[in-house]
Structures are given as structure tokens and as C-alpha cells.
Amino acid sequence: MSHKNFSGTISLLSKAGLTVLAILAIAATSSAQATQPPPIDFPLPTGFQIPPSDAKCILAGHRLDLQCIIKNDPDAIRIRAEEAMLEAQALKAANSGKLDPYHQVETLGELEIFDPNLSVNNNVACSYCHDPKAGYANGISILSVYTGGSNPGSVPITVPGAYPNNRIAKRNPQSYTYATYFPPLHYNLSQADFYGGNFWDGRATGYLLQNSSANQAQGPPLDTQEMANPDPACIVYKLSLSKYSSFFEQVFGAGSLQINWPSDVASICNTPAGAAVLGGNPTPVQLSTSDRTLVTKDFGEFAQAIAAYESSNSVSPFTSKFDYFLAGKTTLTTQEQNGYDLFRGKGSCNTCHLDGRSSTLTGGADTGQAASLQPLFTDTTYNNLGLPKNVELPWYSEDTPDQWGFTANPLGFGFTDLGMGLFLDGYYGTPPNLSWAAQFPKFEGKFQTSTARNAAMVPRPGFVKAYMHNGYLTSLKEVVHFYNTRDVYLYHVQSGHCPKGTVEKVTCWPEPEDADNENMTIGKLGLTSDEEDDIVAFLKTLVDGFKP
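Note that this is a predicted model, so its numbers are computed, not measured.

(A) How the structure looks around the overall build of the chain. If you tally the helices and strands in the chain, you get 18 helices and eight strands. Against the 2.2 N^0.38 benchmark of 24 Å for 548 residues, the chain shows a C-alpha radius of gyration of 23 Å, consistent with a compact globule. With the C-alpha coordinates of the chain rotated into their principal frame, the extents come out at 65 × 60 × 55 Å. Relative to its full complement of 548 residues, the chain shows a buried share of 57%. Put simply, the chain shows about 22,200 Å² of open surface, and 56% of that area lies on carbon and sulfur atoms.

(B) The arrangement of the state of the cysteines in detail. Applying the stated criterion across every chain, the model contains three disulfides. Each sulfur in the disulfide pair C498 and C508 lies 2.0 Å from the other. The S-S bond linking C498 to C508 shows a torsion near -80°; that makes this disulfide left-handed. Here the residue C498 occupies a position in the loop between helix 17 (476-485) and helix 18 (529-539), and C508 occupies one in the loop between helix 17 and helix 18, the gap between them amounting to 10 residues. Take C498 and C508: they sit in the same class, and that class is buried. Cysteine pairing for the chain, with bonded cysteines counted in sequence order: 1-2, 3-4, 5-6. C129 forms no disulfide, and the closest cysteine sulfur to it belongs to C126, at a distance of 8.5 Å. Looking at C129, the relative accessible area reads 10%, which means it is buried. For the unlinked cysteine C349, the closest cysteine sulfur is that of C352, found at 9.5 Å.

(C) Examining helix 18 more closely. Taken across its 11 residues, helix 18 has eight buried, putting it largely inside the fold. Within helix 18, burial applies to E531, E532, D534, I535, V536, A537, F538 and L539. Each element contacted by the buried residues of helix 18 is listed here: helix 13 (321-326), helix 14 (334-343) and helix 17.

(D) Just the nonpolar core, in detail. L239, Y244, V285 and F302 are the most contacted members of the largest nonpolar core, which has 42 residues in total. At the level of elements, helix 4 (74-94), helix 5 (101-113), helix 8 (212-217), helix 9 (232-241), helix 10 (245-252), helix 11 (265-269) and helix 12 (289-310) are the ones that each hand at least two residues to this core. When residues of this core are assigned to their parent elements, the largest contribution, nine residues, is made by helix 12. Non-local contacts of L239, meaning those with residues more than four positions away in its chain, are made with E112, L118, Y244, S245, F248, L257 and F302. In this structure, L332, A455, L473 and L539 belong to the second largest nonpolar core, which totals 33 residues.

(E) Local environment of empty space enclosed by the protein. Overall, the coordinates contain two cavities of 30 Å³ or more when judged by the stated rule. Each pocket or cavity is described by its volume, and for the largest cavity that value is around 80 Å³. The wall of the largest cavity is formed by V124, A125, C126, C129, H130, P152, G153, Y176, P220, Q225, E226 and M227. Counting only elements with at least two residues in the lining of the largest cavity, the list comes to helix 6 (126-129) and strand 3 (152-156). Volume-wise, the second largest cavity comes out at about 30 Å³. Grouping the constituent residues of the lining of the second largest cavity by class yields five nonpolar, one polar and no charged.

(F) Representation of the layout of surface pockets. Size it by volume and the second largest pocket reaches roughly 930 Å³. Surrounding the second largest pocket, 39 residues form its lining, P45, T46, T474, E478 and K505 being those nearest its centre. Sorting the residues of the lining of the second largest pocket by element identifies helix 7 (141-146), helix 17 and helix 18 as the ones contributing at least two each. The greatest single-element share of the lining of the second largest pocket, amounting to three residues, is contributed by helix 17. Looking at the lining of the second largest pocket residue by residue, the classes come out as 16 nonpolar, 14 polar and nine charged.

(G) Representation of helix 5. Over its 13 residues, helix 5 runs 19 Å from end to end, which matches the ideal 18 Å to within 8%, given 1.5 Å per residue. The elements touched by buried residues of helix 5 are helix 4, helix 6, helix 9, helix 10 and helix 12.

(H) Main features of the pattern of salt bridges. Considering all chains together, one arrives at 20 salt bridges under this definition. Between R167 and D402 there is a salt bridge, with its nearest N and O atoms 2.9 Å apart. You can see R167 sitting in strand 4 (residues 166-168) and its partner D402 sitting in the loop between strand 7 (382-383) and helix 15 (420-424), a full 235 residues away along the chain. Considered together, R167 and D402 belong to a single accessibility category, that of buried residues. The partner of E518 in a salt bridge is R486, with the nearest N and O atoms 3.3 Å apart. Residue E518 is found in the loop between helix 17 and helix 18, and its partner R486 is found in the loop between helix 17 and helix 18; the two are separated by 32 residues along the sequence.

(I) Representation of the packing of aromatic side chains. Tallied over the full model, the rule gives 29 aromatic pairs. Taking 5.0 Å as the distance between ring centres and 85° as the angle between the ring planes, the aromatic pair formed by Y427 and Y428 counts as edge-to-face. Looking at Y427, the relative accessible area reads 27%, which means it is partly exposed. Take Y428: its relative accessible area is 31%, and that puts it in the partly exposed class. Each member of the aromatic cluster is reached from another via a ring pair, and the members are F322, F325, Y340, F343, F377 and F538. Directly above the ring of F413 sits K389, whose terminal nitrogen or CZ lies 4.2 Å from the centroid.

Thresholds applied
- Position numbers for residues start from 1 in each chain and track the written sequence from start to end.
- Per-residue local features are limited, in this predicted model, to residues with pLDDT of at least 70; the limit for side-chain atom pairs, both in listing and counting, is 80 or more; totals at the level of whole chains, interfaces and linings are taken over all residues.
- Working from all heavy atoms in the structure, the side-chain values ignore hydrogens and water.
- Secondary structure is summarised from DSSP: a helix means a run of H or I of at least four residues, a strand means a run of E of at least two, and numbering begins at the N terminus for each.
- When we talk radius of gyration, it's over C-alpha atoms, and the globule rule is simply 2.2 Å times the number of residues to the 0.38.
- Remark: exposure states derive from per-residue accessible area (1.4 Å probe, protein chains only) relative to the maximum for the residue type, with buried under 20%, exposed over 50%, and partly exposed in between.
- Accessible areas in this description were obtained via Shrake-Rupley with a 1.4 Å probe; residue shielding takes into account the shown protein chains only.
- A pair of cysteine sulfur atoms is labelled a disulfide when the two atoms are within 2.5 Å.
- Contacts are assigned to residue pairs that have any heavy atoms within 4.5 Å of one another.
- Nonpolar cores are built from buried Ala, Val, Leu, Ile, Met, Phe, Trp, Tyr and Cys residues. Side-chain atoms within 4.5 Å join them into one set.
- Both site types are read off a 1 Å grid over the protein atoms alone. A 1.4 Å probe that fits but cannot get out defines a cavity, while an open set with protein on both sides within 12 Å along at least five of seven lines defines a pocket; lining residues have an atom within 4 Å of a point.
- Grid points are joined across faces, edges and corners, and a volume is the space filled by probe spheres set on the points.
- The classification used treats Ala, Val, Leu, Ile, Met, Phe, Trp, Tyr, Cys and Pro as nonpolar, Asp, Glu, Lys and Arg as charged, and all other residues, Gly among them, as polar.
- Expected span of a helix: the number of residues minus one, times 1.5 Å.
- What counts as a salt bridge is simple: a side-chain nitrogen of Lys or Arg found within 4 Å of a carboxyl oxygen of Asp or Glu.
- To pair, rings of Phe, Tyr and Trp, with the six-membered ring standing in for Trp, must have centres within 6.5 Å; the planes then decide the type, stacked if under 30 degrees apart, edge-to-face if over 60, and tilted in the middle.
- For a Lys NZ or an Arg CZ to count as sitting over a ring, it must be within 6 Å of the ring centre and within 35 degrees of the ring normal.

Encoded structure:
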């Protein structure tokens, strides 16, 4: 079955109100022939130095021994130390008795985000993939270089000779900052466009809790490639064993975590999601109806606390240089001001990354008065930028069963990331709004427009940060250059196969992974290299923590 025919079938089934989308998606995936990514070595980004402790972790073919990286990489070690410190700090605040109700729920969310014990193997916290010092995005530089920023999850892979040797996500983790300002996903009839939601593909719709950020918080704990819990009840079970269980009940009510757990709950909750022994059961922990209802309530409250922390001044504070510029408390340098003028003019950036002012691109006038004093630098819609396939993603090699009998990506290198199209087409199961499936043809290949805020935040000088859903771009200069020259230097080749005499990401852009619905407002902007640099300088003014 072709993908487009499969999409048509899904749309018809959705209209009929049937609920077999996930089954069909799995069947279509399993029937496809698995292929392997080409063994290509790529030059390292300019200035990037492999940490000496990581040298033994580098494999042939531009691959990583992920278990080695987890144990030895200095960024990975730093992140674990930071999350232990921040968790201890939050626990001290929780136990102080001095927090008002508002800060209690924020502090509970902080405790949850930095708690590695909430993963199936008690070894990965949310913050492992969302490092505060990297703007709550990937904080491990070598992963940006070798895996497109995708992070290893809780489950090691012990099958002899397997690559990768750890379950790992298919995408570069999205930043938490300002995520709570994205509304629940909705289809705007007048604009014929989707707005809001969370995740690159919008699948965290927020329909149940009416909070897309809270809905997003429920994803990684259950994702097979990330924290890999086999049942929402397992997160609640682990919360009941945590050092802050009484604080959870202080926030959400006495008895919230008092559930009659079956004798095998620990065994089940130590089994990774997707394991063959679970038989595909999404709720293998056997609970009474009343206890399952309480688990659902607790899992929602767990997520709402995380969303509260994400909206706090610790994560989304509006304290960038640009914010103080809007307040009249600082001025931009000549280069930053020029970059800002290009951002809202020739560069066409603020047509999607809304800066709270009018655009001068089509001849409109900017009065200089901000329409919003806390612009989000996103319109929360979805776009296909025409990014090439990132052949370095380990996801493409996860096409064989692990020791748990689970195959993450049966399609192997044949997998095409359709972005929002995957969600609408039933890849994750039936969309909550069945009418949305009919929009698949218009949203295939589209990914969420992330905020430009904190895009330039890095833990240290020389840190390589991955950008876009697949991490194909590894600097803001590359990002701006891609927007500027995508169609000038387009070659119908795959990444790693640019013609002789060209340089990939400089004078050669490989073809899009999915050319459907490509955004044509970018690609040939006519910016000079100096103007690209000016836009990068402006983007750096959007980093929080500026002191006027």
C-alpha cells in the first residue's frame, strides 16, 4: 500500500468513526522492507573538538557507542550533576513549609522534571534531554554532531553487534521554554491552518487537560525510546515511592497516591514499553476500576505540575536583552539592530517567528511601537522547510529486535518523517478529533514552528547545538544560510553526496526529505553573508538571563 493510499484509507476510516488507525499503521510499517542508511563519514563542524574522554566512544561510519557516551561524555556527566543539584534544591524548598500554593505546584513540577527514577530503569530524567543550560533542549554537544541531537533513552540494547546500543529517539528534542504559551491544538477554519499543540508534530494536542504542555509532559515517560514506562500507572507508582510523595499529596490532596498496587507492579514497571512479554497491552498493571481512575487523575496532575514549572520564571522568564530593549532599559548594538531590521524585513523571519510588530517585507510601515511586550517569536503553526534527510540519525538503524523483542523502526532507512502527517495519519493511534485526518494532504511534511527565544542559548563556548526536528543544522549561521540559499544551491542528491566542487550546507543543499507542502517564502532571500551574521547577532539577543 502506498503511503498516500494508506492516508486515504485512514481518512475514510476516521470519517466512519472506526478506531483501527494504529493497527493499520503498524501493519503498513511492518510490511515494508527495512533498509540501512549509507555508511558515510562527515566532516566535523568547524571548531568542534571531540572530548578526550569520548575518543573511545567513536565508532566507524560516524557512529557512537551510546553506552560509552552516557558514562563518559563531559556534558552527560554535567547534566546528571546539575539535575541532582536542582532536584535537591527543589526538595529542600518543598520541605521548607514556606511555599505558597502557586509555588508549591511549580516546585512539584521541578522535582518531577529532574527525577531520573521516573524512567523504567531509574536512570533518565526529563532534563537529560532538556538541559536548562541549553534552553531546555539537547545539552550534549557530541550528540548534536553525531546523532542530530537525538538523545539515548532509559533502555540499553544488549543484542551483540547491535547499533545503536541504546534505544534512542527519532528527533532532536524540542525546547521547553515558552511551550506553555502554545494553546491546545485547534484547526482554524478561516485560516485553514492548525495552531498550537506541542511536539514537533503537534500530537500533544492538550484536548483532555486543555493544556498542550501538560499533554506533552505525559509523552516521554511512556515513549519506548525515551523513559519507556509500560503503563501510566508506573509513573504514579514511582511517584508514590519518591522522596516527595507527601508533597504531591499536599498539592493535589491527601490520599492521591494511595492505590492498591498488585503484587507484580514492580516487575511490570521494570519492563520497558514495547517488550514482547507485554503483548501490546498499554495498561498491563492490573488495577480495579476505581484505582485506574485515580491513576488517570494522578497522571494528569503529574503533567500539570510540570507545565506549571515550564511556565515559571525558571524556564520562561522573558528576561532577554530584547525584552529589556522593548522596555526601554537597554539599546541594541548596530549589528543587532541591523539584524533585527533584517529579521522583520528582507529576511522574512517574523512572518512565522512573530516579533510583536508589523513586517516591512511587503512595504508595510513599522511605527516602532511594539504590539506585544512579550512576543513569542512563533505563530505556533506548522511548516515544511524542505530540510534534507539527516542520514546520521541512529533511528534509521533501529530496524531489528532488541533483547525485549521490540523493533523501534521496522522501516529502517525507508522511514520518512512526515511530521504532522504522521500524527494525522494514525502513526501514534487515532487522533482525538477524527475530522483532522482529512487534513493530512495539506500537512504532510510539516513541523511546528519553534520559538526563536533561547535558540542561541548554549552551556559553554564551543558547544555545538542541533537545530530543527532532525538536527540537520548545527549552528544558527547554518540555519540562516539554509533559509537564505536553500533554493539557490539545491541539488537532487541525498546528504553526503553533494557534487564535487561543492560543500554541503555551504554551496550544496541536498533535496528535501519530503517535498510536499514546502514553504516557498524562504529559500532565495538574497542576504549577504554579513547580513546572515547580523541576523544571528539579533537571535542572540533573545537569550534569557540578560542583566541590563
